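Residues per chain, in single letters:
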Amino acid sequence: MNYLLALPEQTEEIITLFKNTFSDAEGKEEGGVIATLVSDFLSVPSIEDDLHVFVAMDNARIVGSIILSRMHFPNGENVFLLSPVAVATDYHGQGIGQTLINVGLETLKAKGVAVVVTYGDINFYSKVGFAPINESLIQAPLTLSYPEGWIAQPLQSDVIKPMNGKPRCSSALNNPNYW
Ligand SMILES: CC(C)(COP(=O)(O)OP(=O)(O)OC[C@H]1O[C@@H](n2cnc3c(N)ncnc32)[C@H](O)[C@@H]1OP(=O)(O)O)[C@@H](O)C(=O)NCCC(=O)NCCS
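Residues numbered from 1 in each chain as written. Predicted model: local features only at pLDDT ≥ 70, side-chain atom pairs only at ≥ 80, totals over all residues. Heavy atoms only, no water.

Going by an unreviewed UniProt entry, the protein carries the name N-acetyltransferase and comes from Enterovibrio gelatinilyticus.

Shown next, in the form of structure tokens:
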């Protein structure tokens, strides 16, 4: 398995991976919703260093992908959001998701990113270092329908220092339906 930064020519294959994986896990409608999200992420040009897309490749096939996008805080803290994450259904349970996330986190750590936040199931994300946070520490960009899923980890120290103000997320994620 190879873990790499995604290339522009892989866009369609990445969208299909997310669509199929979420259709299998949560139904066709959710697969379509996530496909739209990923397509928005990959079609809108982003400022360099504000978006990082990684893929897991088994020979020529993309079998996993993660998207990391910058959140903009009023005081300019260096924070990224990890979402979404998918591993092809027939490749689940082989450690690919955890390895892919660890590769992404190592890359951001080397770039000086202070904190990575995500919004999901703590039972999975705790395996790669995430822990629940309160919005008094880091606010979410939009209203959370599932506050228990707001989780984070520091990359440069052992603690997360509280961040002032409401962040702005990437335009792709700026939709209440995703939160
Ligand atoms: C969640 C997902 C990315 C995990 O990828 P993976 O490569 O199968 O995960 P790994 O093999 O690295 O890790 C497997 C471990 O995570 C756990 N796990 C996997 N999916 C989980 C989930 N949805 N909830 C809780 N735990 C989960 C497994 O039980 C396993 O635990 P174990 O090692 O103690 O047995 C993959 O299952 C997936 O794409 N699911 C559908 C889409 C999705 O839910 N994405 C995440 C939300 S954004």
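There's plenty left to go through after this.
Student: Please explain the pairing of strand β7 (residues 150-154) as it appears in this structure.
Tutor: Residues in a regular strand project their side chains so that they alternate between the two faces of the sheet. The buried fraction of β7 is high, at four of five residues. Two strands pair when backbone bridges link them, and strand β6 (residues 131-132) and β7 are joined in this way by two bridges, in the antiparallel orientation. Residue pairing in the sheet places Pro 132 in a bridge with Ile 151 of β7. (Buried < 20%, exposed > 50% of the residue type's maximum accessible area, 1.4 Å probe, protein only. Helix = DSSP H or I, 4+ residues; strand = E, 2+ residues; numbered from the N terminus. Pairing = 2+ DSSP bridges.)

Student: Is there a simple way to explain the environment of Ile 138 in this structure?
Tutor: One can find Ile 138 in the loop between β6 and β7. The class for Ile 138 is buried, based on a relative accessible area of 0%. C-alpha separation for the pair Ile 138 and Val 79, spaced 59 residues apart in sequence, amounts to 10.0 Å. If we ignore the near neighbours within four places in the chain, the residues touching Ile 138 are Phe 73, Val 115, Val 117, Ile 133, Trp 150, Ile 160 and Met 163. (Contact = heavy atoms within 4.5 Å.)

Student: Explain the sheet that holds β6 here, please?
Tutor: Within a sheet, each strand pairs with its neighbour through backbone hydrogen bonds, oriented either parallel or antiparallel. Here seven strands make up an open sheet; going across it, the order is β1-β2-β3-β4-β5-β7-β6 and the pairing mixed. Each of the sheet's edge strands pairs with one partner strand only, and the pair in question is β1 (2-5) and β6.

Student: Can you help me understand helix α3 (residues 96-110) in this one?
Tutor: Since there are 3.6 residues in each turn of an α-helix, residues three or four apart along the chain are aligned in direction. The terminal C-alpha atoms of α3, which comprises 15 residues, lie 21 Å apart, in line with the 21 Å expected from a rise of 1.5 Å per residue. Buried residues of α3: Ile 96, Gly 97, Leu 100, Ile 101, Gly 104, Leu 105 and Leu 108, and no others. Along α3, the residues classed as buried sweep out an arc of 165° about the axis, all on the same side. Summarising the geometry of α3, the exposed residues directed more than 90 degrees from the buried face are Glu 106 and Ala 110. Positive phi shows up at Gly 112, right after α3, with a value of about 90°. (Expected span 1.5 Å × (residues − 1). Arc of directions from axis to C-beta.)

Student: What is the right way to read the site of the ligand from this model?
Tutor: Neighbouring residues of the ligand: 18 residues in total, closest Gly 93, Gly 95, Gly 97, Gln 98 and Lys 127. In this structure, Asp 121 approaches the ligand through a side-chain N or O atom, which is 3.1 Å from a nitrogen atom. Protein chains shield 67% of the accessible area of the ligand, which is 870 Å² for the free molecule. (Near = heavy atom within 4 Å. Polar contact = N/O pair within 3.5 Å; in protein donor to acceptor, adjacent residues only side chain to side chain. Areas by Shrake-Rupley, 256 points an atom, 1.4 Å probe, with all protein chains shown as cover.)

Student: Got a minute to help me understand the nonpolar core in this structure?
Tutor: Side chains of nonpolar character tend, in soluble globular proteins, to be buried together. Core analysis: the biggest nonpolar cluster contains 61 residues, and Val 116, Trp 150 and Trp 179 have the highest contact counts within it. Those elements that place two or more of their residues in this core are α1 (11-26), α2 (28-43), β2 (51-58), β3 (61-71), β4 (79-87), α3, β5 (115-119) and β7. By residue number, the principal contributor to this core is β4, which donates seven residues. Beyond its immediate stretch of four places on either side in the chain, Val 116 contacts Leu 68, Phe 80, Leu 82, Leu 105, Leu 108, Phe 130, Ile 151, Ala 152, Gln 153 and Leu 155. (Core = buried A, V, L, I, M, F, W, Y, C linked by side-chain atoms within 4.5 Å.)

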